[in-house]
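# Structural overview
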Amino acid sequence: MTNMEKYNEAFTSTFGIGEDALENLEYQGIAAWDSVGHMQLIAALEEAFDIMFDTDDIIDLNSYQVGKQMLAKYEVEL
Amino acid sequence: MENKAFFFKRLEKYGGRTALITAQEKPVTYRELTERADRLAQEIGRRCLVFLACRNAEESVIGYAACLRNDIVPVMVSADIDAELLKNLLERYHPAFLWAPEDNGAFPGEEVYRDQHYVLRKTGLKEDYSLSGDLALLLTTSGSTGSPKLVRQTRKNIQSNTDAIIEYLNIQPEDRAITTLPMNYTYGLSILNTHLCTGARIILTDATLLEKSFWTLFRNQGATTFGGVPYTYEILKKLRFGRMQLTSLRYITQAGGKLSKELAEEFNAVCEEKGIQLIVMYGQTEATARMSWLPWKDAKRKAGSIGIAIPGGRFSLIAGSGNELLGPDEVGELVYFGDNVTPGYAESRLDLAKPDENRGELHTGDMAKRDEDGFYYIVGRKKRFLKLFGSRVNLDETENLLKKEGIENVCAGRDDRMVVFLTDPEKETAAAEFLTNRTGISRGGFVIRHIDEIPRSESGKVLYSALEID
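Residues numbered from 1 in each chain as written. Chains lettered and ligands numbered in written order. Predicted model: local features only at pLDDT ≥ 70, side-chain atom pairs only at ≥ 80, totals over all residues.

## Overview of the overall build of chain B
Each helix and strand counted, chain B has 10 helices and 27 strands in total. Against the 2.2 N^0.38 benchmark of 23 Å for 470 residues, chain B shows a C-alpha radius of gyration of 23 Å, consistent with a compact globule. Residue burial in chain B is summarised as follows: out of 470 residues, 46% are buried. When contacts within chain B are restricted to residue pairs at least 6 apart in sequence, long-range pairs at least 24 apart make up 64% of them. (Helix = DSSP H or I, 4+ residues; strand = E, 2+ residues; numbered from the N terminus. Rg over C-alpha atoms; globule rule 2.2 N^0.38 Å. Buried ≥ 20, exposed ≤ 12 C-beta atoms within 10 Å, placed from the backbone. Contact = placed C-beta atoms within 7 Å.)

## So, helix H9 (residues 395-404) of chain B
Residues and elements named next belong to chain B. Looking only at H9, the buried set comprises Leu395, Thr398, Glu399 and Leu402. Relative to the axis of H9, the buried residues are bounded by an arc of 100 degrees and lie together on one face. The first or second residue beyond H9 is Gly406, which carries a positive phi of 85 degrees. (Arc of directions from axis to C-beta.)

## A few points about the confidence of the model for chain B
Across chain B, the average pLDDT comes to 92, with 96% of residues at or above 70. Prediction confidence for the complex, expressed as pTM and ipTM, is 0.83 and 0.78 respectively. (pLDDT = per-residue confidence, 0-100.)

## Digging into the sheet that holds strand S25 (residues 409-414) of chain B
Residue and element names in this part refer to chain B. The mixed open sheet is built from 3 strands, whose spatial order is S25-S26-S27. Because the sheet does not close on itself, it has two edges, and the strands there are S25 and strand S27 (446-450). Averaged over all adjacent pairs, the angle separating strand axes in this sheet is 25 degrees, with direction ignored. Where strand S26 (residues 417-422) and S27 come together, 5 bridges link them in parallel fashion. When the sheet's bridge partners are listed, Val420 is paired in S27 with Ile448. (Pairing = 2+ DSSP bridges. Axes fitted to C-alpha atoms, helices over the stretch in contact; angles between N-to-C directions.)

## Side note on the domain arrangement of chain B
All names here are of chain B. Domain boundaries in chain B define domain 1 (3-376) and domain 2 (384-466). Just the C-alpha atoms count here: the centres of domain 1 and domain 2 sit 31 Å apart. Contact with domain 1, which involves 17 residues of that partner, is made by 9 residues of domain 2. Sorting elements by how many residues they give to the side of domain 1 that touches domain 2 places helix H7 (residues 230-238) first, with 3 residues. Partitioned by chemical class, the residues of the side of domain 1 that touches domain 2 number 7 nonpolar, 10 polar and no charged. (Domains from an automatic or database assignment. Nonpolar A, V, L, I, M, F, W, Y, C, P; charged D, E, K, R; others polar.)

## Remarks on the pairing of strand S3 (residues 49-54) of chain B
All names here are of chain B. S3 sits mainly inside the fold: 6 of its 6 residues count as buried. Going residue by residue along S3, you find Leu49, Phe51 and Ala53 tucked away on one face and Val50, Leu52 and Cys54 tucked away on the opposite face as well. Note: S3 against strand S4 (residues 73-78), 6 bridges, orientation parallel. Looking across to S4, one finds that Ala53 is bridged to Val77. Pairing analysis gives 3 bridges linking S3 to strand S5 (residues 97-101), with the strands arranged parallel. Bridging across to S5, Phe51 finds its partner in Leu98.

## Points about the nonpolar core
Within soluble globular proteins, side chains that are nonpolar generally end up buried alongside one another. Residue and element names in this part refer to chain B. The biggest cluster of nonpolar side chains holds 136 residues, and the ones touching the most others in it are Val50, Leu52, Ala65 and Met76. When residues in this core are grouped by element, the largest group, 7 residues, is from helix H2 (residues 58-69). Residues Leu386, Val420, Leu422 and Leu435 belong to the second largest nonpolar core, which totals 13 residues. (Core = buried A, V, L, I, M, F, W, Y, C linked by C-beta atoms within 7 Å.)

## Considerations on unusual backbone geometry
Of note, the phi angle at A:Asp50 is positive, near 55 degrees, even though the residue is not glycine. By the element assignment, A:Asp50 lies in the loop between helix H2 (35-49) and helix H3 (55-60). Exposure remark for A:Asp50: the 8 C-beta atoms within 10 Å place this residue in the exposed category. For B:Asn170, which is not a glycine, the phi torsion comes out positive at approximately 55 degrees. Along the chain, B:Asn170 falls in the loop between helix H4 (155-169) and strand S10 (176-178). Look at B:Asn170 and you get exposed, because 10 C-beta atoms sit within 10 Å.

## Regarding the pairing of strand S17 (residues 314-318) of chain B
Residue and element names in this part refer to chain B. Where burial is concerned, the two faces of S17 differ: the one with Phe315 and Leu317 is buried and the one with Arg314, Ser316 and Ile318 is not. The sheet contact formed by S17 and strand S19 (residues 332-337) spans 5 bridges and is antiparallel. Looking at the pairing, Phe315 lines up with Tyr336 of S19. Sheet topology note: the S17/strand S18 (residues 324-325) ladder contains 2 bridges and is antiparallel. From the neighbouring strand, Leu317 faces S18, where its bridge partner is Leu325. As consecutive antiparallel partners, S17 and S18 are separated by 5 residues, and within that stretch Gly322 has a phi angle of approximately 100 degrees, a positive value.

Written out as structure tokens, the structure is:
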């Protein structure tokens, strides 16, 4: 699986949505991405890429697009 | 209790002190709060039932103060209440008025008054019921949104619990509590009550701990305390709370479910290092809010304990036979005695005239033990046991055992059929093997189901009723 596929899967499996819903996805934009869902997403991403997010990044990761840029900081190339 | 003594009626004495800080960082003084509250109460005009759609916003607190200062009885519901549940509640309780955000069309009725973004609507529903003389407010049980059953609370309940909490937490007029819980949830409401009673400050926000705006407000306004349910602490752990710079913070509280011993120990250590206190507490809506607290000086050696009864309260443990258990480490149902024990439930408007059915004695439904130093420990809930082929299985314990194996789960079910709900389908084999090999539960005694996420109430408690067990 490519990193991009892993990244997408963290969202689709955590929130139970299709890939077509990802492009404009934001925190609290869907019922599944609430505070509980957010913690699950963070856990899924950390596991998929074997990284550990900083506090500020956990809070800042509030959309599908923002997360993409953030991963670069953790040396994950999408 | 004399009405004159009820603290809500004395709030104007704090005058120009700041009562509230809004999410936009606007201060509201006690004088402004009481004046706007009393204007709203004048529009309502008499003692009657009002649905109060709660948000952590100034208009919501004004509506609450309007009611409690003027003997009007609010039903505290979430402003985001499910439309079906609201309809059900309206049909059952026939409130005279609704105080709700202007943009929420689910609250029907004719608009008769407004204060900023909240409007007062007159329902026109028939008031074919009466309100018991000492009834002060009504809350849904445990903040969950599924049931129309309400807990009745009196002025005496609220005053006594507020006094006790202020005493043991040593709440000061300089304190600034930031909201992390909704005010239609008894724990969130008790934080509001205690700080208003003291003339302290409440920083209002509906933002969650996962939003930057929460922490910006926290730092700008110098919050000194907040409360959290166990799930809040899981989030704080994930956010590496130990590394966060929160210089104004004096103490944090925890209630709304049992903090695991591991999490309690971890936060005890982190808080000690940061020079703040963590106060673990225990309570129920049926006891107004709080029944016990664990003093910080005992936090380490008594990690996992709910502590001791609050000032003015008392616990006892009752065996299945009805006898009081006096020895250490014997497990029985936890029974609480105190002025904060509420008079009972209401299931419809006809119950609002009911007298005190509990007389200061609450059977909590929690199973507990007491150690030789008099500290109490919750070991499970009375109803969270089931029998699998004759042997008693504690669902909470089973959940915790699986959690320790790194398997996110909830356990529910009925006799001879335990259902283990997993959020990760890949953990099925591990969970099944663990249960059969390590706990001795027969493989035929349980089924494993997959759910996308664990259903939780607004306060983060697991909603077992939302799980499909058949």
